[in-house]
Amino acid sequence: MSDARRNGWKRAGVNPWARALSAWALVSALSLSWSPSALAQGETTGERLVENKDPLNRTERLDCQGAFCVWWNSWHSACSGEYCFFDTLYVTDREGHVVSEHANDKSPVGQYTHEVRFIAPRRIEILEHKGPFNHEREIGAETGVDPSWVRREVWNLSSDGKTLTQDPKAVREPDWKRQPQAPAPSRRPPPKPEVPSLKVPVKEAVLAKARAACESSDGRYPLHHECRRGSCVLVLSSQPEYDELSCRQILCPVLVKGSQVRALPLSEEVVRLELTPTEYVFTACDGPYGSLGSQLTLLRARPEFMVFSGTEGLHVEGSEPYPVREAKSFEAARALAPTVHAYTRFHIPWGRDAWRDEHDLSLAWQLMRVDGQLRLHAEVDDDVLVPFTTGTGVHSDHLELTVSRGRTRAEAFKLGVLLAPEGKLQVRLWQREEGGKKRDVEEAFAAARGTWRKRERGYEVELDLPLDSVRDPAAPLVSHLSVFVSDADKAHKQETLMGHEGSLRFWTEYPPSLEEYQRTLRPIE
């Protein structure tokens, strides 16, 4: 096996919890020395690349400018990790002959690479994106907000095409994305992790009821038991010996209040329990190849409630999901509402080539609630302002909102939010969708009201909508909302559409109860 592939195998990693697969992974690794896919990795200077759409050994020409082109080879190998591809970026001449190869720890492309392109004859931009929780292959901790991120890198290519050097000064992170300086680390040693234990003896009658609640007569063993404020949490394990690194056991957390004993409603089978001073952290075995994966956190003081991220002052890069915070005034609700940002080519589904940078167009928005009214607050950076005058408004600067009430998305409608004269908003219904069929319309949406004003680098919008226009009273927890800004630097020509598609959560309180959270995960009937 070549050094390149050996290093690549180490980089991909083997999940330590998937012990049962280790022998299979080793056999697969040894077989690479003679496999056709392995041979394809041995491209050398001067050899000519050919595009290949095989999903297990894909080779694709990405872009060309000046004397050079960039190619991406992504080669799959059996492993027990989350990402089992080895990624190589090639620089070739215009005919596809390899000039340089950048692989393994020197490869600037990988699991989260979204786009690679030339921005000048010897300057390459690489855009990376990591998706939301439980989206496709993404797993992690449920935090109640979208953890997506976008990262941009710029690399310089040497005149002979053989060397790539990252240019960190070419990328300036937005102010909201810069992390505050961390405080000096404490000299105190970190506390030892708390081990699940029976802090309070378990009565036989309670144990019998707990086993019944977990649908097991004798196959559940007490793992952890503690009581606070008149209620107790008892965690049963399907195995007498608990192994925190294994998926062997199934855990069943039970809430005990007086004579009432009931299992906490978890949608996934959990196999691991971690204890912090304030939280229960449960881990499911839904990771790659049956390994530890997603996490769900409950409050030890209120075990029927989730632990989510705080939203006050929070900046995010996606809205899947977006918690709609409620307060007694819009000012108070806005202070609680997270801010969603769109500011890169990744956020542009249409008109990418017309977009120059975040000063040309970028968007930040918040959605909040007071009683039966919603307010969208949007701030747009736009270097050339083109307000609405006449016509449909499509070819002026505007917002586009698409609303689908409930979880089924059976019906939807699109609104155009136009910057009318005298700081008023004109809101129009542009499209209806029923039964999967879209129909263009041109009607006033009289239920909406709002204003807009110029800012130093663009404009600001405040739009009020009736709650029931966005939320279905019969399915009040989830709705779907896309928020896009349209740019028209030249009058009468729409150039770019930037923003997000996502889903709203109308929790009764934040964070929600575990039962209410689980209702949003149930399959659509």
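Residues numbered from 1 in each chain as written. Predicted model: local features only at pLDDT ≥ 70, side-chain atom pairs only at ≥ 80, totals over all residues. Heavy atoms only, no water.

Asks: Summarise the overall build of the chain; cite the residues concerned and give the values.
Replies: The number of helices and strands found in the chain is 7 helices and 29 strands. Out of the 525 residues belonging to the chain, those deemed buried represent 48%. Residue pairs in contact within the chain that sit at least 24 positions apart in sequence constitute 55% of those at least 6 positions apart. Accessible surface, the chain as shown: approximately 26,700 Å² in total, 51% of it carbon and sulfur. (Helix = DSSP H or I, 4+ residues; strand = E, 2+ residues; numbered from the N terminus. Buried < 20%, exposed > 50% of the residue type's maximum accessible area, 1.4 Å probe, protein only. Contact = heavy atoms within 4.5 Å. Areas by Shrake-Rupley, 256 points an atom, 1.4 Å probe, with all protein chains shown as cover.)

Asks: Describe the state of the cysteines, naming the residues involved and giving the relevant values.
Replies: Scanning all chains against the criterion turns up 4 disulfides. Through a disulfide, cysteine 214 is tied to cysteine 252; the S-S separation comes to 2.0 Å. Note on the cysteine 214 and cysteine 252 pair: the S-S dihedral is about -85 degrees, so by sign convention the disulfide is left-handed. Of this pair, cysteine 214 sits in the loop between helix H4 (204–213) and strand E9 (221–228) while cysteine 252 sits in strand E11 (residues 251–257), placing them 38 residues apart in sequence. With respect to class, cysteine 214 is no different from cysteine 252; both count as buried. The disulfide partner of cysteine 247 is cysteine 285, and the gap between their sulfur atoms is 2.0 Å. (Disulfide = S-S within 2.5 Å.)

Asks: Explain the sheet that holds strand E25 (residues 437–444) residue by residue, including any values.
Replies: Read across the open sheet, the 7 strands follow the order E17-E29-E28-E22-E23-E24-E25; overall the sheet is mixed. If you trace the sheet from one side to the other, it starts and ends with strand E17 (322–323) and E25, each paired once. Here 2 bridges tie E17 to strand E29 (residues 496–505), and the two strands are oriented parallel to one another. From the neighbouring strand, proline 323 faces E29, where its bridge partner is arginine 505. (Pairing = 2+ DSSP bridges.)

Asks: Explain the pairing of E11 to me, and be specific about the residues and the numbers.
Replies: Among the 7 residues that make up E11, 6 are buried, leaving the element largely enclosed by the rest of the structure. In this sheet, E11 lies alongside strand E10 (residues 231–237) in antiparallel orientation, the contact comprising 6 bridges. In the strand pairing of E11, valine 235 is matched with proline 253. The pairing of E11 with strand E12 (residues 260–263) spans 4 bridges and is antiparallel. Within the sheet, the bridge partner assigned to valine 256 lies in E12 and is valine 261. Remark: 2 residues form the turn of the hairpin made by E11 and E12, two consecutive strands paired antiparallel; glycine 258 in that turn has positive phi of roughly 60 degrees.

Asks: With reference to specific residues and values, describe the nonpolar core.
Replies: Within the largest apolar cluster, 42 residues are counted, with the highest numbers of intra-cluster contacts made by Trp365, Leu367, Leu401, Val461 and Leu463. With near-sequence residues (within four places) excluded, leucine 401 lies in contact with Leu376, Phe413, Lys414, Leu415, Val417, Leu463, Leu465, Leu481, Ser482 and Val483. Formed by 20 residues, the second largest nonpolar core is a distinct cluster that contains Val145, Leu275, Leu296 and Tyr517. (Core = buried A, V, L, I, M, F, W, Y, C linked by side-chain atoms within 4.5 Å.)

Asks: Which residues make up the confidence of the model for the chain, and what values go with them?
Replies: For the chain, mean pLDDT is 87; residues scoring 70 or higher make up 86% of the total. Confidence over residues 1–43 falls short of pLDDT 50; this stretch has 61 contacts with residues more than four positions distant or in other chains. (pLDDT = per-residue confidence, 0-100.)

Asks: Outline the sheet that holds strand E4 (residues 98–103), listing residues and values.
Replies: Strand order in the open sheet made by the 4 strands is E1-E2-E3-E4, with antiparallel pairing throughout. Across the chains shown, the open sheet's two edge strands, defined by having one partner strand only, are strand E1 (57–65) and E4. Put simply, the sheet's adjacent strands are angled 20 degrees from each other on average, direction ignored. (Axes fitted to C-alpha atoms, helices over the stretch in contact; angles between N-to-C directions.)

Asks: How would you explain the packing of aromatic side chains if you had to name every residue and give the values?
Replies: Tallied over the entire structure, the rule returns 10 aromatic pairs. Taken together, a centroid distance of 5.8 Å and an interplanar angle of 50 degrees make the contact between phenylalanine 308 and tyrosine 510 tilted. A residue pair is termed long-range when its members are at least 10 positions apart, and phenylalanine 308 in the loop between strand E15 (295–299) and strand E16 (315–316) and tyrosine 510 in the loop between E29 and helix H7 (514–519) qualify at 202 residues. Since its relative accessible area comes to 18%, tyrosine 510 is described here as buried. Ring geometry for phenylalanine 308 against tyrosine 517: centres 6.1 Å apart, planes inclined by 80 degrees, an arrangement best described as edge-to-face. Of the two residues, phenylalanine 308 sits in the loop between E15 and E16 while tyrosine 517 sits in helix H7, which places them 209 residues apart along the sequence. Exposure class is identical for phenylalanine 308 and tyrosine 517. Each is buried. The structure contains a cluster of three or more aromatic residues connected by ring pairs, namely Phe308, Trp507, Tyr510 and Tyr517. Here arginine 375 stacks its cationic end above the ring of phenylalanine 330, 4.1 Å away from the centre of that ring. For arginine 471, the ring lying beneath its charged end belongs to phenylalanine 506, and the centroid distance is 5.8 Å. (Phe/Tyr/Trp six-rings, centres within 6.5 Å; stacked < 30°, edge-to-face > 60°. Lys NZ or Arg CZ within 6 Å of the ring centre and 35° of its normal.)

Asks: Account for the pairing of strand E27 (residues 458–466), with residues named and values stated.
Replies: Among the 9 residues in E27, 7 count as buried, and that is most of the element. Where strand E21 (residues 373–382) meets E27, 9 bridges bridge the pair, whose relative direction is antiparallel. Pairing of leucine 376 across the sheet is with leucine 463, part of E27. In the sheet, strand E26 (residues 449–455) pairs with E27 via 7 bridges, with the strands oriented antiparallel. Bridge assignment links threonine 451 to a residue of E27, and that residue is glutamate 462. Counting the residues in the hairpin turn of E26 and E27 gives 2 residues.

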